[in-house]
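Structural overview for review
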Amino acid sequence: MQVLQVQLAVEADPAEVGRARRWVRSRLLNHGVDPDAPMAETVVLVVSELVTNAVVHTGCPAVLRLCLPVAGDAPQDGPAAPLRVEVADASRVAPAPRHAGADEDATNGRGLELVELLCERWGWYPDGSGKRVWCEIGSDARPADPLADVDWAALAQ
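In this report, the structure presented in the accompanying data block is examined. (Residues numbered from 1 in each chain as written. Predicted model: local features only at pLDDT ≥ 70, side-chain atom pairs only at ≥ 80, totals over all residues. Heavy atoms only, no water.)

1. Focus on the packing of helix α2 (residues 38-58) against helix α3 (residues 111-118)
Two numbers describe how α2 lies on α3: the axes approach to 9 Å, and their chain directions differ by 145 degrees. α2 and α3 meet at a crossing whose hand is left-handed. Every residue of α3 that contacts α2 at T42, L45, V46, E49, L50 and N53 is listed here: G111, L112, L114, V115 and L118. In the contact of α2 with α3, the residues fall into seven nonpolar, three polar and one charged. (Axes fitted to C-alpha atoms, helices over the stretch in contact; angles between N-to-C directions. Helix = DSSP H or I, 4+ residues; strand = E, 2+ residues; numbered from the N terminus. Left-handed = near helix turned anticlockwise from the far one by under 90°. Contact = heavy atoms within 4.5 Å. Nonpolar A, V, L, I, M, F, W, Y, C, P; charged D, E, K, R; others polar.)

In structure tokens:
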């Protein structure tokens, strides 16, 4: 299977997270992915969480990489290969999902929990003097908002 790999150097500045989201949207659009599709929204959300973790927790630059399967490689009847997101940073500390608990006002602690819920697979491995966190998102990815498909009218009856 052929894969197109593109990457972006991200500075150690939280403002870079927005730049990473815009870059991902443009790469997906250039690859023929509708930027409003649920899969694209999921990729943007996951990139936002992983880049935020890298920038905030290390205070060092990071590298964001997208591995996009090239169309036409998958068998006619088989599923399309997943899109892979990787973020390399300068810390060897293992990422650990923190379940934020019942505090509805908490503004952090849910990033890897979201990655875990939205991705087919995710993990990490040591890479040079730091680590690389990766995840795979299928073309049938759930919408970024898990409540988007809830039939609220039916529930109210």
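2. With respect to the pattern of salt bridges
Counted by the stated rule, this structure contains eight salt bridges. Here E16 makes a salt bridge to R19, at a shortest N to O gap of 2.7 Å. In this pair, E16 and R19 both sit in helix α1 (residues 16-30), three residues apart, roughly one turn of the helix. Across the pair E86 and R65 runs a salt bridge whose closest N-O atoms are separated by 3.3 Å. (Salt bridge = Lys/Arg side-chain N within 4 Å of Asp/Glu carboxyl O.)

3. Details of α1
With 15 residues, α1 should reach 21 Å at 1.5 Å per residue; the first-to-last C-alpha distance of 21 Å fits that figure. Where α1 is buried, its residues contact β1 (3-10), α2, β2 (62-69) and β3 (83-89). Immediately beyond the C-terminal end of α1, within one or two residues, lies G32, with a positive phi of roughly 90 degrees. (Expected span 1.5 Å × (residues − 1).)

4. Focus on α2
A rise of 1.5 Å per residue sets the reference length of α2, with its 21 residues, at 30 Å; its end C-alpha atoms lie 30 Å apart and thus fit the reference within 8%. Of the residues one or two after α2, G59 is the one with positive phi, at around 70 degrees.

5. A word on the pairing of strand β5 (residues 130-137)
Summarising burial for β5: eight of the eight residues are buried, a large majority. Bridge count between β3 and β5: seven bridges; the pairing is antiparallel. If you follow D89 over to β5, its bridge partner there is K131. Here strand β4 (residues 121-127) pairs with β5 via seven bridges, running antiparallel. Considered in β5, the bridge of R121 is made with E136. Here β4 folds back onto β5, and the loop between the two strands holds two residues, one of which, G128, carries a positive phi near 60 degrees. (Buried < 20%, exposed > 50% of the residue type's maximum accessible area, 1.4 Å probe, protein only. Pairing = 2+ DSSP bridges.)

6. What about the sheet that holds β5?
If you trace the five strands from one edge of the open sheet to the other, you get β1-β2-β3-β5-β4, paired in antiparallel fashion. Strands at the two margins of the open sheet, each flanked by one partner only, are β1 and β4. Averaged over neighbouring strand pairs, the angle between their axes works out to 15 degrees when direction is ignored. Strand contacts of α1: β1, β2 and β3, with the helix running at about 160 degrees to β1, the strand carrying the most contacts.

7. A few points about the packing of α1 against α2
The N-to-C vectors of α1 and α2 enclose an angle of 150 degrees; their axes lie 9 Å apart at closest approach. In terms of their interaxial angle, α1 and α2 are classed as roughly antiparallel. Considering the relative orientation of α1 and α2, their crossing is right-handed. Of the residues in α2, those in contact with V17, A20, R21, V24, R25 and L28 of α1 are A40, V43, V44, V47, S48, V51 and T52. A per-class count over the contact of α1 with α2 returns nine nonpolar, two polar and two charged. (Parallel < 35°, antiparallel > 145°, perpendicular 65-115°, else oblique.)

Purely geometric numbers; function is a separate question.
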